[in-house]
Structure formats: structure tokens, C-alpha cells
Amino acid sequence: MIIFSSIFDQFYPDSLFFIPVSFLCLLINISWCFFLISNSWFLGRYQVFWLNFVNTSLGLIFQTTSRGTSPWGGLLITIFIFILSINLLGLFPYNFTNTSHISITFSLGFPLWFGVNIFGFYSSFNVRLSHFVPQGTPFILIPLMVWIETLSFFAQPLALGLRLAANLTAGHLLIFLLSTTIWSFINVYYVFFPLCFVFLLLFILEIAVACIQAYVFVALIHFYLQENL
């Protein structure tokens, strides 16, 4: 029986044979993708489902797109499936959700945001600078708008990483608190069964959050691409 001294202890994984559990879980999340794309009987049997899933995901990500962002489809769908697999596999017992840690989300979000903006400034430097002064801004407000847009610009990678980690962390904490409450009322049947029903609804909600947050992360990257292209 695992005893946590704090509700946040679940976000500090232990080590197995001197290897961090978070690293092992990350390898599991990567390995299953290679299993799906390999020429195995599994892919042959479920190829239609897999292709439909990829096409639907691409349609959601590129709802509003331009010709310039279409070559980035392979990268974006790869990131989407990677984050989605981590979020969903993290809901299984004795697994660890890597995307609940800011170090992982920033390691994913900041290089993507930085690379997209470097590409944008390199390809059209004057156009990117013009975004710091919205069209129609009064002359007297231009210095203030430059500061506001600059702060908003550098807040983008923070929002990109924090949004994913904060939403998943909040959901996992709710599941942890409710599960410990259910365990405390295991002998009180008129409380135990309603709490189990609430837990089931919360778990379904957490599955939806795992899918939505993966989509939001990739949708923001796509939005930054549109700004820079």
C-alpha cells in the first residue's frame, strides 16, 4: 500500500533500478506509436480506424489554415498524437503523466514556439515587427502598445506550457482526492456508491480534458504558425 504524505507526492515519481519512472513512462508512450506504424497484423486489422483517426485529427487542427502552414501537417499531427498518448496512458493505474510536469510541457512548448518565431522573423522581419503595433493605433499610444504586445509575445510560451500542465494536474488532484474519500467511506454503502458514480463521471471528464488539452496545445502552435507565415 502506497502512502502519500502530501497530495502532491503523486507528481514526484520514484526511481526503478536507478531510472526515473517518468523516463520509463515516456518511453512507453513513444514505443506504442512505433508499434502502430509498423507493418504488423495489428496495423493491417485496424488500418482503417487509424487512418480515419489521423484524417479527423488533421481536419480539426487545420480547420482554418493557409497554404503556408500545410507543410507542417506531419509535425503537428505527430505532436498531437504524442501528447494525446501521454495524457491518456497517464490515466491508467500505476502510470505517470509526464505532461503534468512543467519541465516536460516547457520542453515541448518553448522550442516549438521559439523555432516558429525565428522562422517568422527570418522570412518576413518587417511584417513580424508590424504585429507589435496593431493597425489603427493612435500615435500617442504606440509606445504603450509596443510594451503590451511585447509582454504578450513573451507570455505565449508560458501560456503554452502552463495551460497543459495546470489542467492535467488539477484533474489528477481531483481524482486522487475523490478516490481517497471513496476509500474512507468504503463501509458506508449509501455514501460509497454515489461517490463511485461521481468518480466515474469525473474520470470520463478527465478523458475529455486529456483529449482537449492535446488539441489546444497543437492548435496554439498552428495559430503561431499562421501569425509567422
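Residues numbered from 1 in each chain as written. Predicted model: local features only at pLDDT ≥ 70, side-chain atom pairs only at ≥ 80, totals over all residues. Heavy atoms only, no water.

An unreviewed UniProt entry lists the protein chain under the name ATP synthase subunit a, with Antedon mediterranea given as the organism. What UniProt records for the protein chain under Sequence similarities (unreviewed entry) is the sentence "Belongs to the ATPase A chain family." (UniProt positions renumbered as here; feature names shortened; annotations may be inferred.)

A. Quick look at helix α4 (residues 73-89). If you check α4, its first and last C-alpha atoms are 24 Å apart, about what 17 residues at 1.5 Å a residue would give, namely 24 Å. Of all 17 residues that make up α4, 12 are buried, and the element is covered over most of its length. Looking at α4, one finds that the buried residues are Gly73, Leu76, Ile77, Ile79, Phe80, Ile81, Phe82, Ile83, Leu84, Ser85, Ile86 and Asn87. (Helix = DSSP H or I, 4+ residues; strand = E, 2+ residues; numbered from the N terminus. Expected span 1.5 Å × (residues − 1). Buried < 20%, exposed > 50% of the residue type's maximum accessible area, 1.4 Å probe, protein only.)

B. Region of interest: the nonpolar core. Formed by 25 residues in total, the largest nonpolar core has its most connected members in Ile61, Leu76, Phe80, Ile83 and Phe217. Listing elements by their share of this core, those giving two or more residues are α4, α5 (102-123), α7 (142-184) and α8 (189-228). Considering each element in turn, this core owes the most residues, 9 residues, to α4. The residues touching isoleucine 61, leaving out its near neighbours within four places in the chain, are Leu76, Ile77, Phe80, Tyr215, Val218 and His222. Judged by nonpolar contacts, the second largest core, of 6 residues, contains Ile175, Leu178, Ile182 and Leu202. (Core = buried A, V, L, I, M, F, W, Y, C linked by side-chain atoms within 4.5 Å. Contact = heavy atoms within 4.5 Å.)

C. How the structure looks around the UniProt feature "transmembrane region" (unreviewed entry) in the protein chain. Under the present numbering, the feature "transmembrane region" (unreviewed entry) in UniProt falls on residues 16-37, 72-92, 104-125, 137-155, 164-186 and 192-225. The span residues 104-125 is 95% helical and 0% strand by assignment, and the distance between its end C-alpha atoms comes to 30 Å. With 91% helix and 0% strand, the stretch residues 164-186 has end C-alpha atoms that lie 33 Å from each other.

D. Quick look at a nonpolar patch on the surface. A grouping of Phe197, Val198, Leu200, Leu201 and Ile204 is seen on the molecular surface, where their side chains present a nonpolar patch of about 480 Å² in accessible area. Positionally, isoleucine 204 belongs in helix α8. Here isoleucine 204 falls in the partly exposed class, since its relative accessible area comes to 48%. (Patch = residues over 30% accessible without salt bridge, like charges linked within 9 Å, V, L, I, M, F, W, Y side chains within 5 Å. Areas by Shrake-Rupley, 256 points an atom, 1.4 Å probe, with all protein chains shown as cover. Salt bridge = Lys/Arg side-chain N within 4 Å of Asp/Glu carboxyl O.)

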